[in-house]
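Working through the structure, step by step
As a plain string of letters, each chain reads:
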Amino acid sequence: RIIPENWLDEITNLAVSPAAVTAFPITELQSADRGALWRSSSLAAQTITGSFAGGARPVDSWGIFPGNGNLAGATARMELLVAGATVYDSGTLDVFTFSGTGRGSFAWGAHPWGVEVSNRNFRRTPLVKFHTETVADAFRLTIANGGGMDTDYFEADRLWLGQSVLAPYTANTGLAPSFDD
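Computed from a prediction, not measured in an experiment: that's the story for all the values here. Within each chain, residues carry numbers counting from 1 in the order of the written sequence. In keeping with the model being predicted, local features are shown solely for residues with a pLDDT of at least 70 and side-chain atom pairs are shown and tallied solely at 80 or more, while totals for entire chains, interfaces and linings include all residues. Side-chain descriptors were evaluated using all non-hydrogen atoms of the structure, hydrogens and water having been removed beforehand.

1. Regarding the sheet that holds strand β8 (residues 127-136)
Strands are treated as partners if at least two bridges between them are detected by DSSP. Starting at the N terminus, helices and strands are each numbered in turn, a helix being any DSSP run of H or I of at least four residues and a strand any DSSP run of E of at least two. Strand order in the open sheet made by the four strands is β2-β10-β4-β8, with antiparallel pairing throughout. On the outer flanks of this sheet lie β2 (38-39) and β8, each paired with one strand and no other. When β2 meets strand β10 (residues 155-162), the two strands line up antiparallel, connected through two bridges. In the strand pairing of β10, W38 is matched with A156.

If you want it as structure tokens, here you go:
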């Protein structure tokens, strides 16, 4: 699936409660710059909200990229809204956990996940969800401590909401485009 347009980029009233750290504002989630980060001031539950400019948008996918791996142990809940009423609710989801099938079996080496837990790069796996298309004019994302946070703040570098496109055909191995002169 391809998400050609991020509806979040057109939102002009993006907000978070409680307020973000001044040097890492919530608007950084709209930046394609990988160095731009939003950071909370604590592990209190964060509610991120916004309305789509110009009215409702079709949404069938959303995701969040953890900045520097600082959503490991957090939970996320996305709600899409129409006139303030919830029309889609993802339920509470784990962003990244230190548990699950294979955890602690050392099947991939000397560390529980096959990579040293202090290596924050492996925690940058985004939470991505695809769902039945829903038309919404606003969203509410709640991020909370799922009990496993090892920092005293949440951090992310990109959030997106969009309508995905599914390519019905793919090229077979060895095919190349033809060119006409």
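2. Notes on the packing of aromatic side chains
Note on aromatic contacts: the rings of Phe and Tyr and the six-membered ring of Trp form a pair at centre separations within 6.5 Å, being stacked when their planes are under 30 degrees apart, edge-to-face when over 60 apart, and tilted otherwise. Applying the stated criterion to the full structure yields one aromatic pair. With a centroid separation of 5.2 Å and an interplanar angle of 35°, the aromatic rings of F65 and W160 are classed as tilted. Pair noted here: F65 is in strand β4 (residues 57-66) and W160 is in strand β10, with a separation of 95 residues, a long-range link. Exposure categories follow from relative accessible area, calculated using a 1.4 Å probe and restricted to protein chains: below 20% of the type maximum is buried, above 50% is exposed, and the middle band is partly exposed. With relative accessibility at 28%, the residue F65 sits in the partly exposed group. Whether a charge lies above a ring is judged from NZ of Lys or CZ of Arg, which has to be within 6 Å of the ring centre and within 35 degrees of the ring normal. The aromatic ring of Y153 is capped on one face by R39, whose charged end is 4.4 Å from the ring centroid. Here the basic side chain of R57 rests over the ring of W7, its NZ or CZ set 5.3 Å away from the ring centre.

3. What to know about the nonpolar core
Put simply, buried Ala, Val, Leu, Ile, Met, Phe, Trp, Tyr and Cys residues joined by side-chain atoms within 4.5 Å make one nonpolar core. Counting 32 residues, the largest nonpolar core has W38, I48, F139 and L141 as the members making the most contacts within it. For this core, the elements supplying multiple residues, two or more each, are β4, β5 (74-82), β8, β9 (138-145) and β10.

4. Re the pattern of salt bridges
Salt bridges are defined as contacts in which a side-chain nitrogen from Lys or Arg sits within 4 Å of a carboxyl oxygen from Asp or Glu. Scanning all chains against the criterion turns up six salt bridges. Close ionic contact of R57 with E10 constitutes a salt bridge, the shortest N to O distance being 2.9 Å. Of this pair, R57 sits in strand β4 while E10 sits in the segment before β1 (15-17), and the two are 47 residues apart along the sequence. The exposure class assigned to R57 is buried, which follows from its relative accessible area of 18%. Taking relative accessible area as the criterion, E10 reaches 23% and is therefore assigned partly exposed. A salt bridge links R77 to E79; the shortest N-O distance between them is 3.6 Å. Overall, R77 belongs to the partly exposed group, its relative accessible area being 30%. Shared partners join several salt bridges into a network, and the residues in it are R77, E79, D89 and R140.

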